[in-house]
Amino acid sequence: MECRREKNRSSCNCSYEPCSRRGICCACLAYHRGLGELPACYFPDDVERGYDRSIENFVRVYRERGRWW
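Please read these numbers as outputs of a predicted model, since none were measured by experiment.

Asker: Give me the lowdown on the packing of aromatic side chains, citing residues and values where you can.
Answerer: Enumeration according to the criterion identifies four aromatic pairs in this entry. Measuring from ring centre to ring centre gives 5.9 Å for F58 and Y62, while their planes differ by 35 degrees; the resulting arrangement is tilted. Linking F58 with Y62, this pair stays in helix α4 (residues 55–65), spanning four residues, or about one helical turn. Three or more aromatic residues link up through ring pairs in this structure, and these residues are Y42, F43, F58 and Y62. Seen from the ring of Y31, R21 lies directly overhead, with NZ or CZ sitting 3.6 Å from the centre.

Next comes the structure, spelled out in structure tokens:
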């Protein structure tokens with residue numbers, strides 16, 4: 001499968017500027033999964049900037065804001 005890094009970068013909402021995985025979604029997902037987290041794209045921008053990417057935080061935000069924030 002071809003990686004569409006540049007296309008992915010344009011829609012990536014990760015606010016961690018030095019991230020080497022930006023736009024490489026499979027690497028990003030594997031990295032955060034290894035930490036028991038979800039990547040930035042699972043969170044609204046205002047929540048993502050807090051860097052709490054825990055599954056618990058995702059569930060809390062999902063319950064508070066619903067599926068489409």
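Asker: Give a description of α4 that names residues and reports values.
Answerer: Taken residue by residue, α4 has N57, F58 and V61 as its buried positions. Projected onto a plane normal to the axis of α4, the buried residues spread over an arc of 100 degrees and lie on a single side. The outward face of α4, more than 90 degrees from its buried face, is lined by the exposed residues E56 and R63. On its buried face, α4 is in contact with α3 (45–48). One or two positions beyond α4, positive phi appears at G66, with a value near 85 degrees.

Asker: Tell me about the side chain of R22, and please be specific about residues and values.
Answerer: Tracing the chain through its elements places R22 in the loop between α1 (5–11) and α2 (25–34). One buried charge, R22, has no salt-bridge partner; the nearest side chain with opposite charge is E17, at 4.2 Å. Engagement of the side chain of R22 in a polar contact is seen with the backbone oxygen of C14, the distance being 2.8 Å. Sequence-distant contacts of R22, defined by excluding residues within four places in its chain, comprise R5, R9, C12, C14, S15, Y16 and E17.

Asker: Describe unusual backbone geometry, listing the residues and the values that go with them.
Answerer: For residues besides glycine, phi is generally negative; the peptide bonds are generally trans as well. For Y51, which is not a glycine, the phi torsion comes out positive at approximately 65 degrees. Residue position: Y51 is located in the loop between α3 and α4. For Y51, a relative accessible area of 43% translates into the label partly exposed.

Thresholds applied
Residues numbered from 1 in each chain as written. Predicted model: local features only at pLDDT ≥ 70, side-chain atom pairs only at ≥ 80, totals over all residues. Heavy atoms only, no water. Phe/Tyr/Trp six-rings, centres within 6.5 Å; stacked < 30°, edge-to-face > 60°. Helix = DSSP H or I, 4+ residues; strand = E, 2+ residues; numbered from the N terminus. Lys NZ or Arg CZ within 6 Å of the ring centre and 35° of its normal. Buried < 20%, exposed > 50% of the residue type's maximum accessible area, 1.4 Å probe, protein only. Arc of directions from axis to C-beta. Contact = heavy atoms within 4.5 Å. Lys, Arg positive; Asp, Glu negative; His and termini not counted. Salt bridge = Lys/Arg side-chain N within 4 Å of Asp/Glu carboxyl O. Polar contact = N/O pair within 3.5 Å; in protein donor to acceptor, adjacent residues only side chain to side chain.

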